[in-house]
Amino acid sequence: MTSNEKNNSESGRFLHSIRLQGDLCKGCINCLKRCPTEAIRIRRGKSRIIKEYCTDCGECIRICPYHAKKATYDSLDSMADYEYTIALPPPELYPQFNNLEEKSVVLNALISFGFNDVYEVAAAAEQVSEITRKLIKEKKAQLPIISSACPSVTRLIRVKFPNLVENISPVVSPAEFAANAAVRRAQLVTGLPREKIGVFLIAPCPAKVTEIYSPLGIKKSEIDKAIALKDIYPRLLPLMKEVAAGETRHQLPHEINKAGRIGVSWGGHGGEAGGLLTDNYLAVDGITNVIKALEDLEDDKFKNLEFIELNACCGGCVGGVLAVENPYMAKVKLNILRKYLPVSGARIDEAVPPYAYRNEEIEYMPVFNLGGTVEESINLMKAIDKLIEKFPGLDCGCCGAPTCRAHAEDVAKGYATEKECIHILRELYNATGAED
């Protein structure tokens, strides 16, 4: 480990919510070849996640045929830790259900499940859209503004694209905005101290979980727990049937169910950008496509853009690995649900609340640097170039690294040996055999 990597690792900033269940791992290279940041190695027959490189995009969970990659999140039982609980349902929750014509059915079901209050993330998304429109119009942010809604993407920018860090939106994510607003409403209504109020995000992906414990540009998240969408989904189904049948309709305040088309559309690809009412935007989904777009953006290949929406998951947040429905089918359901909604239901009537903006600098974290100093990096680069000449350039993954170059870097840093390349090992074996 280089001195730079050691310092960053010891700082505790590199958190991620994907873990390996070693007894299920067979040491195949499916995850190795699909990881977009080359964060996975196969060592001693088991995969290993390099936490500094991991952005929690969830591709390894999606591709693993043995279900050895797991997302870390909170249990539904943790609701018992609080006197008053608030659910934050994201817009991608709605299209998980068949034949849903009213959002209120889902919101009522959440109350029936045991939450004391519900605050739609979609409503907060409309307010974030409104703030962002003003920033663009008044040019009070670095253009093009890059959405901060996908934590996997913002982490990727922070570790790999230093020139784009200042373009990340200064506005907090809709989930964080919703949490702040919900906590303030709960304290006003109940009079309870903050520690007795639990805010629960229904998370569609592990990156959303990670952001709670390592928030972007703020000191501490107002979200207390993250529960997996796939866990609460089966628990809501029977409750939704009761609500639809008129058996358990709750008297919901108007502000609970007020998100319109703009907010709900955030759940799918292009929804956030569409809510800005501008044609000068770029919307990209799929982590591989996102990386290519960021590379082109850093090379100044895009001109006159005002906003860039980037989603690590194909289809947008509906494609998160903790979701249930096929993302493309979910997008169809989302479009159907939008027909019955007003354009927008949540507005900022007064001044923009201070919690809408990040209050800490977003740092560049150079985890992909070869060395801690220029001299160290140059020496490692020379060693890597010599090693690459020895390797076949097949990028087969049999050495336990995703590419020959990645293996050369591992060898140069002392993490692996040349002989782990089966082609070099075969040459050594043949040479030894010829001498015998």
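Above this note sits the structure.
Residues numbered from 1 in each chain as written. Predicted model: local features only at pLDDT ≥ 70, side-chain atom pairs only at ≥ 80, totals over all residues. Heavy atoms only, no water.

For the rest of this paragraph, the subject is the overall build of the protein. Helix and strand content of the protein: 16 helices and eleven strands. By the compact-globule yardstick of 22 Å for 436 residues, the protein fits well, its C-alpha radius of gyration being 24 Å. Each principal axis of the C-alpha atoms in the protein carries an extent, and together these give about 85 × 50 × 40 Å. For the protein, long-range pairs separated by at least 24 residues make up 78% of all intrachain contacts whose partners lie at least 6 apart in sequence. About 19,900 Å² of surface is accessible on the protein, with carbon and sulfur atoms providing 50% of the total. (Helix = DSSP H or I, 4+ residues; strand = E, 2+ residues; numbered from the N terminus. Rg over C-alpha atoms; globule rule 2.2 N^0.38 Å. Contact = heavy atoms within 4.5 Å. Areas by Shrake-Rupley, 256 points an atom, 1.4 Å probe, with all protein chains shown as cover.)

Let us look at unusual backbone geometry. Glycine aside, residues mostly have negative phi, and peptide bonds are mostly found in the trans state. With an omega of -5 degrees, the peptide bond running from leucine 143 to proline 144 counts as cis. Relative to the helices and strands, proline 144 is located in the loop between α5 (121-138) and β7 (145-146). Not every positive phi belongs to a glycine, and glutamate 38 is a case in point at roughly 55 degrees. Note on placement: glutamate 38 falls in the loop between α2 (30-34) and β2 (40-43). Take glutamate 38: its relative accessible area is 29%, and that puts it in the partly exposed class. Of note in the backbone geometry, arginine 44 takes a positive phi value of approximately 55 degrees without being a glycine. Position of arginine 44 among the secondary structure elements: in the loop between β2 and β3 (46-49). (Buried < 20%, exposed > 50% of the residue type's maximum accessible area, 1.4 Å probe, protein only.)

Counted by the stated rule, this structure contains 20 salt bridges. Across the pair glutamate 83 and lysine 196 runs a salt bridge whose closest N-O atoms are separated by 3.3 Å. Pair noted here: glutamate 83 is in the loop between β4 (69-71) and β5 (84-88) and lysine 196 is in the loop between α7 (174-190) and β8 (197-203), with a separation of 113 residues, a long-range link. Taking the shortest distance from any N to any O, the salt bridge between glutamate 130 and arginine 347 comes out at 3.2 Å. Here arginine 347 lies in the loop between α13 (327-338) and α14 (374-390) and glutamate 130 lies in helix α5, a separation of 217 residues in the sequence. The buried category is assigned to glutamate 130, whose relative accessible area is 5%. By sharing partners, the salt bridges in this structure join Arg41, Arg43, Asp410 and Glu420 into a single network. (Salt bridge = Lys/Arg side-chain N within 4 Å of Asp/Glu carboxyl O.)

One open sheet holds the three strands; their spatial order is β7-β11-β10, and the pairing between them is parallel. Strands at the two margins of the open sheet, each flanked by one partner only, are β7 and β10 (281-285). Where β7 and strand β11 (residues 307-311) come together, two bridges link them in parallel fashion. The residue of β11 that forms the bridge with isoleucine 145 is phenylalanine 307. (Pairing = 2+ DSSP bridges.)

What follows deals with helix α8 (residues 206-213). Most of α8 is tucked away, with seven of its eight residues classed as buried. Within α8, burial applies to Pro206, Ala207, Lys208, Val209, Thr210, Glu211 and Ile212. Buried residues along α8 sit in contact with β1 (18-20), α3 (59-63), β4, α6 (151-160), β8 and β9 (225-228).

For α5, with 18 residues, the first-to-last C-alpha span of 26 Å sits near the 26 Å given by 1.5 Å per residue. The element α5 is extensively covered by neighbouring structure, given that 14 of its 18 residues are classed as buried. Note on α5: the residue one or two positions beyond its end, lysine 139, has a positive phi of about 50 degrees. (Expected span 1.5 Å × (residues − 1).)

Take the sheet that holds strand β6 (residues 117-118) next. Strand order in the open sheet formed by four strands is β6-β5-β8-β9, and the pairing between neighbours is parallel. Each having just a single partner strand, β6 and β9 make up the two edges of the open sheet. Pairing of β8 with β9 involves four bridges; the strand directions are parallel. Within β9, the residue paired with phenylalanine 200 across the bridge is lysine 225. Together, β8 and β9 form the strand contacts of helix α9 (residues 229-244), whose direction differs from that of β9 by roughly 65 degrees. (Axes fitted to C-alpha atoms, helices over the stretch in contact; angles between N-to-C directions.)

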